[in-house]
Amino acid sequence: MTSPPRGRFISVEGIDGAGKSTHLAWLTDYFLNKGISLIQSREPGGTGLGEKLRALLLNDAMSLETEALLMFASRAEHLAQVIEPALSRGDWVLCDRFSDATYAYQCGGRGLDKTKFTALEQWVQLRDRGLIEPDLTLIFDVPLEVSQARMATSRVLDRFESEQQDFHARVRAAYLERAEQNPQRIRVINANRSVVEIQSELAEIFADYE
Ligand SMILES: Nc1ncnc2c1ncn2[C@@H]1O[C@H](COP(=O)(O)OP(=O)(O)O)[C@@H](O)[C@H]1O
Ligand SMILES: Cc1cn([C@H]2C[C@H](O)[C@@H](COP(=O)(O)OP(=O)(O)O)O2)c(=O)[nH]c1=O
């Protein structure tokens, strides 16, 4: 019996308050309406163990090394239990953050040595055919003052969201740097527009996907 074609792996990123959750909900409906068999998941999290790690990561103080290791521990479990089985079945995976977030937050925001990031990425994501990475990553990008204003009206802030402005500025810069380094995989979406305008760009990007 031949195996089904591998599903597509799409991740969604951005600084806190950029509008990622808003667009994820819309994208999920959009793909399901196209008849695509899709799972939506998130990092840190996405498995029973990963969600426990998420609660620790978002609430408990810890060293930077521990934070990076737990992000990748959650990712290892997520890949093994959810992402790789789904893609092998031919399902698509729409993931709320993946390794680009570790690059942006832990390397960019907190100053984790990039060689340590690369070592963890290789350890957790390397397979016979190369690194498991999203086929496409969307980074929703907004100026800091916009994300801060959106966050102020929408939630109680977690350990990352309550960081200082300069932390978020470094996270944003690291996301943009990562996009420049990976132009074939990462698309930066100007999220400083109306939701409707952004949705119409998303519909254009995914018009040919089936
Ligand atoms: N393009 C936009 N224009 C105006 N408000 C927006 C836009 N995108 C999102 N918002 C609002 O900003 C707030 C934060 O959005 P959210 O999707 O939760 O961001 P994130 O998941 O990136 O932190 C919410 O109140 C949401 O309705
Ligand atoms: C996946 C990942 C997330 N994070 C952070 C970014 C976010 O602030 C937080 C996860 O929250 P987020 O995805 O923004 O969820 P919500 O929309 O519910 O607030 O974890 C990292 O620092 N490194 C990582 O590798």
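Bear in mind the structure is a predicted one, so any value in this text is a computation, not a measurement.

The rules behind these values
- Throughout this document, residue positions are counted from 1 along each chain, in the order its sequence is written.
- Each chain takes a letter, starting from A, and each ligand takes a number, starting from 1, following the order in which they are written.
- Only residues with pLDDT of at least 70 get local features here, since the model is predicted, and only at 80 or more are side-chain atom pairs given and counted; chain-wide, interface and lining totals rely on the full set of residues.
- To get the side-chain values, all heavy atoms of the structure are used, and hydrogens and water are removed first.
- UniProt positions are given in the numbering used here, feature names are shortened, and annotations may be inferred rather than shown by experiment.
- Of the grid points, spaced at 1 Å and generated over the protein atoms alone, those admitting a 1.4 Å probe that cannot get out make up cavities, while open sets with protein on both sides within 12 Å along at least five of seven lines make up pockets; any residue with an atom within 4 Å of a point is treated as lining.
- In DSSP terms, a helix is any run of H or I states spanning at least four residues, a strand is any run of E spanning at least two, and both are numbered starting from the N terminus.
- Burial status follows relative accessibility: with a 1.4 Å probe on protein chains alone, a residue under 20% of its type maximum counts as buried, one over 50% as exposed, and anything between as partly exposed.
- Only heavy atoms enter the contact rule, under which two residues are in contact if any of them lie within 4.5 Å.
- It suffices for a single heavy atom of a residue to lie within 4 Å of a molecule or strand for the residue to be listed as near it.
- Counted as a polar contact is a pair of N or O atoms within 3.5 Å, where, for protein atoms, one must be capable of donating a hydrogen and the other of accepting one, and residues adjacent in sequence contribute only when both atoms are in side chains.
- For every accessible area listed, the method is Shrake-Rupley and the probe measures 1.4 Å; residues are considered covered only by the protein chains on display.
- Grid points define the cavity or pocket, and a molecule sits in it when more than half of its atoms lie within 2 Å of them.
- A helix is expected to span 1.5 Å for every residue after the first.
- Residues are grouped as follows: Ala, Val, Leu, Ile, Met, Phe, Trp, Tyr, Cys and Pro are nonpolar; Asp, Glu, Lys and Arg are charged; all remaining types, including Gly, are polar.
- Only rings of Phe, Tyr and Trp enter the pairing, Trp through its six-membered ring, and a pair is recorded when the two centres are within 6.5 Å. The plane angle decides the type: under 30 degrees is stacked, over 60 is edge-to-face, the rest tilted.

### Points about the UniProt feature "binding site: ATP" (unreviewed entry) in the chain
Phase 1 of the analysis: Residues annotated by UniProt as "binding site: ATP" (unreviewed entry) correspond here to Gly14, Ile15, Asp16, Gly17, Ala18, Gly19, Lys20 and Ser21. Among the annotated residues just listed, those lining the largest pocket are Ile15, Asp16, Gly17, Ala18, Gly19, Lys20 and Ser21.
Phase 2 of the analysis: Structurally, Gly17 is set in the loop between strand E1 (9-14) and helix H1 (20-33).
Phase 3 of the analysis: With a relative accessible area of 10%, Gly17 lands in the buried category.
Phase 4 of the analysis: Excluding residues that lie within four positions of it along the chain, Gly17 makes contacts with Ser147, Arg150, Met151 and Arg155.
Phase 5 of the analysis: Following the sequence through the fold, Gly19 ends up in the loop between E1 and H1.

### Points about the site of ligand 2
Phase 1 of the analysis: Of all residues adjacent to ligand 2, which total 18 residues, the nearest are Asp16, Arg54, Arg97, Thr102 and Gln106.
Phase 2 of the analysis: Within the side chain of Gln106, a nitrogen or oxygen atom sits 2.8 Å from a nitrogen atom of ligand 2.
Phase 3 of the analysis: Coverage of ligand 2 by the protein amounts to 90% of the 550 Å² it exposes when considered alone.
Phase 4 of the analysis: Placement of ligand 2 is best described as lying within the largest pocket.
Phase 5 of the analysis: Residue assignment for the shell around ligand 2 shows that the elements contributing at least two residues are H1, helix H2 (48-59), helix H3 (64-89) and helix H4 (99-109).

### Digging into H2
Phase 1 of the analysis: The terminal C-alpha atoms of H2, which comprises 12 residues, lie 17 Å apart, in line with the 16 Å expected from a rise of 1.5 Å per residue.
Phase 2 of the analysis: If you follow the buried residues of H2, they end up packed against strand E2 (38-42) and H3.

### Topic: the site of ligand 1
Phase 1 of the analysis: Residues in close proximity to ligand 1 total 15 residues, the closest being Gly19, Lys20, Ser21, Thr22 and Arg193.
Phase 2 of the analysis: Between ligand 1 and Thr22, the relevant distance is 2.5 Å, taken from an oxygen atom to a side-chain nitrogen or oxygen of the residue.
Phase 3 of the analysis: Protein contacts shield 73% of the accessible area of ligand 1, which totals 560 Å² for the unbound molecule.
Phase 4 of the analysis: Here ligand 1 occupies the largest pocket.
Phase 5 of the analysis: For the shell around ligand 1, the elements supplying multiple residues, two or more each, are H1 and helix H8 (195-205).
Phase 6 of the analysis: Class assignment of the residues belonging to the shell around ligand 1 gives a composition of four nonpolar, six polar and five charged.

### As for the side chain of Gln106
Phase 1 of the analysis: Along the polypeptide, Gln106 turns up in helix H4.
Phase 2 of the analysis: The class of Gln106 is buried, set by a relative accessible area of 1%.
Phase 3 of the analysis: If near-sequence neighbours (up to four positions away) are discounted, Gln106 is found in contact with Leu64, Glu67, Ala68, Met71, Ala101, Gly111, Leu112 and Phe160.

### Comments concerning the packing of aromatic side chains
The description of an aromatic ring pair rests on the distance of the ring centres and on the angle between the ring planes.
Phase 1 of the analysis: Overall, the coordinates contain 12 aromatic pairs when judged by the stated rule.
Phase 2 of the analysis: Judged by centre distance (4.9 Å) and plane angle (80°), the ring pair of Phe206 and Tyr209 falls under edge-to-face. Comparing Phe206 with Tyr209 shows no difference in burial state: the two are buried.
Phase 3 of the analysis: Taken together, the ring pairs in this structure connect Trp26, Tyr30, Phe31, Trp92, Phe206 and Tyr209 into an aromatic cluster.

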